[in-house]
Structures are given as structure tokens and as C-alpha cells.
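Architecture and fold: a report
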Amino acid sequence: TVSVLYWIMPSKTPTASPKAKARSRSTDAQTPKKSHRAEAAAASPSPRKVASRLASAVDPEVPLDPKSGNAYHVACTGADIGDHFILVGDPGRVPIVAERFDKGSVTFKTQHREIAIITGSYKGTRVTVLSTGMGTDNCEIVLNELHTLKEYGRKTNTWAAKPAPLKLIRVGTCGSPASGMKVGTLAVTRHAIGMDNTCRYYRAPKGAHPASVAELEKAANASPLGAVGVYCSMAAPAITKAIVEAHGKNKAVKGRRDVAVGTTASGSGFYGCQGRAVGRFRGTLAVPNLVDDLGALRLPLKTAADKAAVGGAAEERVVNIEMENSAICYLSRILGYEAGTVCAVIAARAGETRAFATKDEAAAAIADAITVALDALVSV
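Just so it is clear, the structure is predicted and the values come from calculations on it, not from any experiment.

Looking at helix α6 (residues 136-151)
Under the 1.5 Å per step criterion, the end-to-end length of α6 is 22 Å for 16 residues, consistent within 8% with the ideal 22 Å. Those residues of α6 that fall on the buried side of the exposure criterion are T136, N138, C139, V142, L143, E145, L146, H147, T148, L149 and E151.

Next comes the structure, spelled out in C-alpha cells:
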């Protein structure tokens, strides 16, 4: 926005005198430190100032349609969506999830590019299912635009003082680097490893993550994963717990498949980014033994509650690899949203028995993951 101001009126840009600069530095030094939320609010110009600097009806930093109020990619308004979200990568899964909604409850449906949206209710709670498309970069777009739609006042050009009470559960598919993991298992995220670079453009404020996240990040970067440099995060404990409890309460699902709680690693692609060396790419990967390296990674657990969260084990292991969770968890932590992930394991990539699910096996596991995620979502 400032660059637009200088471009329009370069001759009117004031230059501060040395004395003014010195006074400014002195004032800054005496001003008490603000919270990260206060700093963000202070950094935003007043509505009138912003409006006077814009050369068009749309703020390029917050591109909302001036007539409809729709976000640029998530083509809807805040009123069209709920506060409880099921996030899927594939737009084809959106109607599959919506089939579970209460009869006659669908109030909104749209699709723009790979982002399909349906809002309805599940067991009386308003729920929106939304497809992000593949990759952490798409999830970054979705999280920013949900934040805007839920917390930005378009007419006043101001942001809400408190976070919207958003709950988000990603449902997807994954592979597993854990030896002995069966195809069809439901992998539930506790901690998250980002092998992508999406959230390298953000800095979570102090206190956004528990100490265990820093410990995991240190251990991961001390391993061969340090060749690409990873960041770490954590799902909301309430979401992780709700998913596990929903699995336990559903006798049919519990009878068909196990649940594995642990760390989820996210890559920005499907092949080399997840340790798959195909054809002439063999011998070119930065982390050539990525699956084995993830399988060997352990996070020591110190409290009884931590151990109970992963089924009583003394250490937390990496249970799955996919392409979206790291950004969802990291950005939700910054925004104060509660997020987590449950994925159907369709590729067992470690140990003596390696396998890839058939189309029918994958569909059945995804169906159970959807059931568990919906029941968990409306319970938190």
C-alpha cells in the first residue's frame, strides 16, 4: 500500500530530519513492548488512510470482490461458511463428505478452481467441507482467506480483536515410514514436521507452541532431514484427542482398522519430496533415505499425559507422510484456531511388508476417516 502512495505522489513523500529520527528512536525505546496481536493491529493503517491510498476499489493486500465480498480464491463470504471445517485435498471428496450432512441441511455450494465448498450441518452443528487442493502452498492460501472472511470487516477495513472460533480437521491419505504399519490404519497427527518451505515465511509468536515442538525441530534438523531444513508444529491437543475418542466410540470403524497417533511429516511434493527416487532422478535426492530417516526419528515423551496420547509409548514416532498438514497446523497455531489431521494410510513404505492400497481399500479407509473426523469435529 505504501508503494502505491509513493508511486502516485512521489513529490509529497516527507523526509525526516536527523533530530526527528533521533526523537523517534528515543520514543521507540521508551514504549512498552506490545503483544504480537497488538503489534499486528498497530501495523495496519487506519481505514480512512488505507482508502485514500488505494488506486482501485480492491485492496491488493486483502483482495475481496467489491460487490460480493468473496475472497479471491475461496469464492464465498464469511456468512456462507461455518466455524467447523473438514478440509480435504481432492475437490471430488467434497460431495462425498457432504453426503453425511443432515438431510436437507445444505445451504451453500460453490467451486472455484480446485477449491470446492459445501456448507450444511452434521448432527445439528453447522459444518463446511472445503477442498484445498494439493500441497502446503494451497493450504496457506486457504488459511489466509478463511482468516480474512471470518475476521476482517470489509466496510470498516478493520480486523476483529479476537480470533474466530474455528475448528479444522483435515481428512486425507498418506504413506507411512513406520515399520509394521498396516495399510488402512488411520494416522492421527500429534506433532507435525514441515519438510516444505511454506511456513518459513512466517514466525510463530512466542508461546504459540509447547517446548516439545522445539525439541522435535532440533532432533529433526540434526538428522539427515537437516539437508532441507525443516520446521515443526503441533495439532491442537483437543482435536487429536477428539479424533481418537471418535474412533474408539465407533465400534464398526474400530473393528475394521487401527488408529496410530504420532508425528506427521509433510512434503511439498509426492516423489522426491517424500523420498521417492523415480527413473533418472535416482541418485539426485537431497535426502536419499528420507523414509528410513523419518522412521528412525523419535521424540522422547516426559509426562504420563504425553505417553497416554500415543498409546502409552515412551517415545513418539513419525506415523505418516503427506502434503498438507504442516501448514494447516503451523498457521492455525499463529491464528489461534484449533486444527488437526486424520489420514488413511494407503502406502506402507517401511519394514518387510510394503504395500499400496487397492482403489477399494483406499476408498473404504477414507470413508472411515471421514466418519471419525465428522464425529470428532462436532464434539469439540
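Text resumes after the structure shown.
Things to note about a nonpolar patch on the surface
Together, F270, Y271, V278 and F281 line one region of the surface with nonpolar side chains, adding up to about 420 Å² of accessible area. Relative to the helices and strands, V278 is located in the loop between β10 (259-266) and α10 (290-296). Of the residues examined, V278 reaches a relative accessible area of 42% and is grouped as partly exposed.

Notes on unusual backbone geometry
Phi at R113 is positive, roughly 55°, even though this residue is not glycine. Within the secondary structure, R113 is located in the loop between β2 (108-112) and β3 (115-122). The exposure class of R113 is exposed, given its relative accessible area of 51%. Although it is not a glycine, N157 sits at a positive phi angle of roughly 60°. Take N157: it is sitting in the loop between β5 (152-153) and β6 (158-159). Residue classification places N157 among the buried positions, given a relative accessible area of 17%.

So, the packing of aromatic side chains
All chains considered together, the criterion is met by 3 aromatic pairs. A centroid spacing of 4.8 Å and a plane angle of 50° characterise the contact between Y152 and W159, whose relative ring orientation is tilted. With a relative accessible area of 35%, W159 lands in the partly exposed category. In this structure, R276 packs its charged tip against the face of F270, placed 3.9 Å from the ring centre.

Criteria and thresholds
Residues numbered from 1 in each chain as written. Predicted model: local features only at pLDDT ≥ 70, side-chain atom pairs only at ≥ 80, totals over all residues. Heavy atoms only, no water. Helix = DSSP H or I, 4+ residues; strand = E, 2+ residues; numbered from the N terminus. Expected span 1.5 Å × (residues − 1). Buried < 20%, exposed > 50% of the residue type's maximum accessible area, 1.4 Å probe, protein only. Patch = residues over 30% accessible without salt bridge, like charges linked within 9 Å, V, L, I, M, F, W, Y side chains within 5 Å. Areas by Shrake-Rupley, 256 points an atom, 1.4 Å probe, with all protein chains shown as cover. Salt bridge = Lys/Arg side-chain N within 4 Å of Asp/Glu carboxyl O. Phe/Tyr/Trp six-rings, centres within 6.5 Å; stacked < 30°, edge-to-face > 60°. Lys NZ or Arg CZ within 6 Å of the ring centre and 35° of its normal.

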